[in-house]
Amino acid sequence: MTLEEKLSGWTGPSSATEQDKQDRTERMIREAIKEHAAFDGCDLSVYAKGSYANNTNVKADSDVDIAVQCGEAVYWDEATKGVHPPSGSYEGIWTPAKLRAELETALKAKFPSQVDSSGSTAFRIHSSSARVDADVVPCFDYRYYFSSTNYREGAKVFKKNGNSLVNYPKQQLENGRAKNTRSKQYYKKAVRIMKRVENAMVAGGIHREVPSFFVECLVYNCPDSVFLEATWTKTVEGIILHIWQELEGDEPSIESERWLEVSECKYLFHGAQDWNRQDGRDFVKAAWNYLGYAS
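Residues numbered from 1 in each chain as written. Predicted model: local features only at pLDDT ≥ 70, side-chain atom pairs only at ≥ 80, totals over all residues. Heavy atoms only, no water.

## Topic: the packing of aromatic side chains
Then, in step 1: This model, assessed by the stated rule, comprises 13 aromatic pairs.
Then, in step 2: Each ring, one from tyrosine 187 and one from phenylalanine 227, has its centre 5.7 Å from the other, and the planes form 85°; the classification is edge-to-face. Here tyrosine 187 is found in helix α6 (residues 187-203), whereas its partner phenylalanine 227 is found in the loop between α7 (212-220) and α8 (232-246), with 40 residues between them in sequence. Each member of the pair, tyrosine 187 as well as phenylalanine 227, carries the same accessibility label: buried. (Phe/Tyr/Trp six-rings, centres within 6.5 Å; stacked < 30°, edge-to-face > 60°. Helix = DSSP H or I, 4+ residues; strand = E, 2+ residues; numbered from the N terminus. Buried < 20%, exposed > 50% of the residue type's maximum accessible area, 1.4 Å probe, protein only.)

## A look at the pattern of salt bridges
If the charged atoms of two oppositely charged side chains come close together, the side chains can form a pair.
Then, in step 1: Taken as a whole and judged by the stated rule, the model has 16 salt bridges.
Then, in step 2: In this structure, lysine 110 engages glutamate 31 in a salt bridge whose closest nitrogen and oxygen atoms are separated by 3.0 Å. With lysine 110 in helix α4 (residues 96-110) and glutamate 31 in helix α2 (residues 16-35), the pair connects residues that are 79 residues apart, well separated along the chain.
Then, in step 3: Classification of lysine 110 by relative accessible area gives partly exposed; the value is 22%.
Then, in step 4: Between aspartate 133 and arginine 124 there is a salt bridge, with its nearest N and O atoms 3.2 Å apart.
Then, in step 5: On the basis of relative accessibility, which here comes to 21%, the residue arginine 124 falls in the partly exposed class.
Then, in step 6: One salt-bridge network, held together by shared partners, links Asp63, Arg124, Asp133 and Asp135. (Salt bridge = Lys/Arg side-chain N within 4 Å of Asp/Glu carboxyl O.)

## Here's the deal with the packing of α7 against helix α9 (residues 277-291)
Then, in step 1: Contact pair α7 / α9: the axes reach a minimum separation of 11 Å and the direction vectors enclose 85°. As summarised for this structure, α7 and α9 are arranged roughly perpendicular, according to the angle between their axes. From α7, Phe214, Val215 and Leu218 reach across to α9, where they touch Asp279, Gly280 and Phe283.
Then, in step 2: Residue classes in the contact of α7 with α9 are distributed as four nonpolar, one polar and one charged. (Axes fitted to C-alpha atoms, helices over the stretch in contact; angles between N-to-C directions. Parallel < 35°, antiparallel > 145°, perpendicular 65-115°, else oblique. Contact = heavy atoms within 4.5 Å. Nonpolar A, V, L, I, M, F, W, Y, C, P; charged D, E, K, R; others polar.)

## Observations concerning the packing of α6 against α9
Then, in step 1: In the contact formed by α6 and α9, the axes pass within 10 Å of each other and the chain directions differ by 80°. Between α6 and α9, the angle falls in the class roughly perpendicular. Mapping the contact onto sequence places Met194, Val197, Glu198, Ala200 and Met201 in α6 and Phe283, Ala286, Ala287, Tyr290 and Leu291 in α9.

## Some thoughts on helix α5 (residues 169-182)
Then, in step 1: Helix length check: α5, at 14 residues, gives a terminal C-alpha distance of 20 Å against a target of 20 Å (1.5 Å per residue), a fit within 8%.
Then, in step 2: Within the sequence span of α5, burial applies to Pro169, Gln171, Gln172, Asn175, Gly176, Lys179 and Asn180. The buried residues of α5 occupy one face: seen down the axis, they fall within an arc of 160°. Among the exposed residues of α5, those pointing more than 90 degrees away from its buried face are Lys170 and Thr181.
Then, in step 3: Where α5 is buried, its residues contact β1 (44-49), α3 (50-54), β6 (151-158), β7 (164-167), α6 and α7.
Then, in step 4: Positive backbone phi, approximately 60°, marks lysine 184, located one or two places after α5. (Expected span 1.5 Å × (residues − 1). Arc of directions from axis to C-beta.)

Rendered as structure tokens:
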């Protein structure tokens, strides 16, 4: 098999069987929320996020990520002190601890003996013959105010230890779709190729595991023109070279030159991340050698 044939075979999504299992998992989680009486009348939004929602997942990374977002309380930050309009404090029952406790009860009722609540953030639902693994994350509505009328919407996630983080799943979904359209549907295929390269290298003991989301972000930061090459061999070569060259050295001091996550709302590299620029270079160097490109 030639390299071009191998790469072409790695462009597709998970198999139909795997997708059916993913869809069933999501449906059952939604049912668990709906069937839990304590959630009656609560403003909840249940949605898929991550690779499953963005259609960039592959079989080895086929977990389903589901957010259960509460709109009863809105958390916020402001770009400049004082731009947020005055508002009273939330005095309702839906605190982070309350949401987490009720969600745990709902999931355990639907998936007896299959829910792992030991993690710092998400509930892990173990797979069965008819389902895939799933991570279910409780979160709240979030707004980042640029002015009194202009704000960015996201999701605020509280960990069990009280720490929190903000995600922007809607923007990630929209930006991934837009880049896929601009690249004539080749961007997401290229992401799947690079994820399968990573999986193959890990399985072969060639390279350490690299987070699926990090791989997706690395590919997202490549120019659209890379995905329009005549062959997959040239496209993947262009992706690897761009990442290798652009991540050399320290993080730029000029904000416009820094790489972003797919949402374009957060920098890809910062002190709180689980990866750094060298991790990106190490990954593509290993991929270059694994795929047999000339040195």
